[in-house]
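Given next are the chains, with one letter for each unit.
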Amino acid sequence: MKILVVEDDEVAAEYVKKGLSEAGHVVDLAADGDTALEMAGAADYDAVILDRMLPKRDGLEVLSNMRENGNATPVLILSALGETDHKVEGLRAGGDDYLAKPYSFTELLARVEAIGRRSDPTAAVTKLKVGDLEMDLLARTVRRAGQKVLLQPREFRLLECLMRNAGRVVTRTMLLEKVWDYHFDPQTNVIDVHISRLRGKIDKEFETPLLHTVRGAGYRLQP
């Protein structure tokens, strides 16, 4: 998912960003309410993690403005205010979930992925299969013909994108946007390098290749 994290504590924000990135998500950061509102309206996010106490504009004000502007992006509110009344206030302001500080990152990850699945039915899929290649999105594991395939986080995201579009050509532009969150061509061979590595892991030891290059178009994953 593409997630906006709104947190004025730089250390906490970087910690959350690192954890979410390692789990395969794309993360943007905002450090105050005004920036958060601007970013939330300028890009399509799958979820927002919103701290309640923010400079310039309070988190609940940001949330209320988002909803008034027709922005229905799922929002997980983070707050040191953990009393029931505070949670009710946050949910009634338009929040989809509320997590009190201090929290465990594991719980935060589970909650943000849950609100993302509720808003996007296709995200509820937890396992992907193409031929004898299987991916478990929750366990973050990949197997081919029953054999475990070890992938780096970026390789996992690349394969996930290809598997979700199995049988269809995935263009280089699509990969740059979905896997690297680039909205421009960096003029590097980053895709070629990762495709080569991925092909070496999922095809090299097997008789039938799954990952095919479509010249002039992109790549296709199919049995």
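The notes below deal with the structure included here. None of the values given here were measured: they were computed from a predicted structure.

A short note on the sheet that holds strand β7 (residues 133-136)
- One open sheet holds the four strands; their spatial order is β6-β7-β8-β9, and the pairing between them is antiparallel. In this open sheet, the two edge strands, each paired with only one partner strand, are β6 (127-130) and β9 (147-149). When the angles between neighbouring strand axes are averaged without regard to direction, this sheet yields 25°.
- Sheet topology note: the β7/strand β8 (residues 141-144) ladder contains four bridges and is antiparallel. Bridge pairing links Asp136 to Thr141 in β8.
- Contacting β6, β7 and β8, helix α6 (residues 153-164) crosses the sheet at an angle of about 115° to β7.

Quick look at the pairing of strand β12 (residues 218-221)
- Across two bridges, the pairing between strand β10 (residues 170-171) and β12 is antiparallel. Paired with Val170 across the two strands is Tyr219, which belongs to β12.
- The pairing of strand β11 (residues 211-214) with β12 spans four bridges and is classified as antiparallel. Bridge assignment links Leu211 to a residue of β12, and that residue is Leu221.
- The antiparallel pairing of β11 with β12 creates a hairpin that spans three residues between the two strands, and Gly216 there sits at a positive phi of about 75°.

Cut-offs and rules
Residues numbered from 1 in each chain as written. Predicted model: local features only at pLDDT ≥ 70, side-chain atom pairs only at ≥ 80, totals over all residues. Heavy atoms only, no water. Pairing = 2+ DSSP bridges. Helix = DSSP H or I, 4+ residues; strand = E, 2+ residues; numbered from the N terminus. Axes fitted to C-alpha atoms, helices over the stretch in contact; angles between N-to-C directions. Contact = heavy atoms within 4.5 Å.

All we've got here are geometric facts, nothing functional implied.
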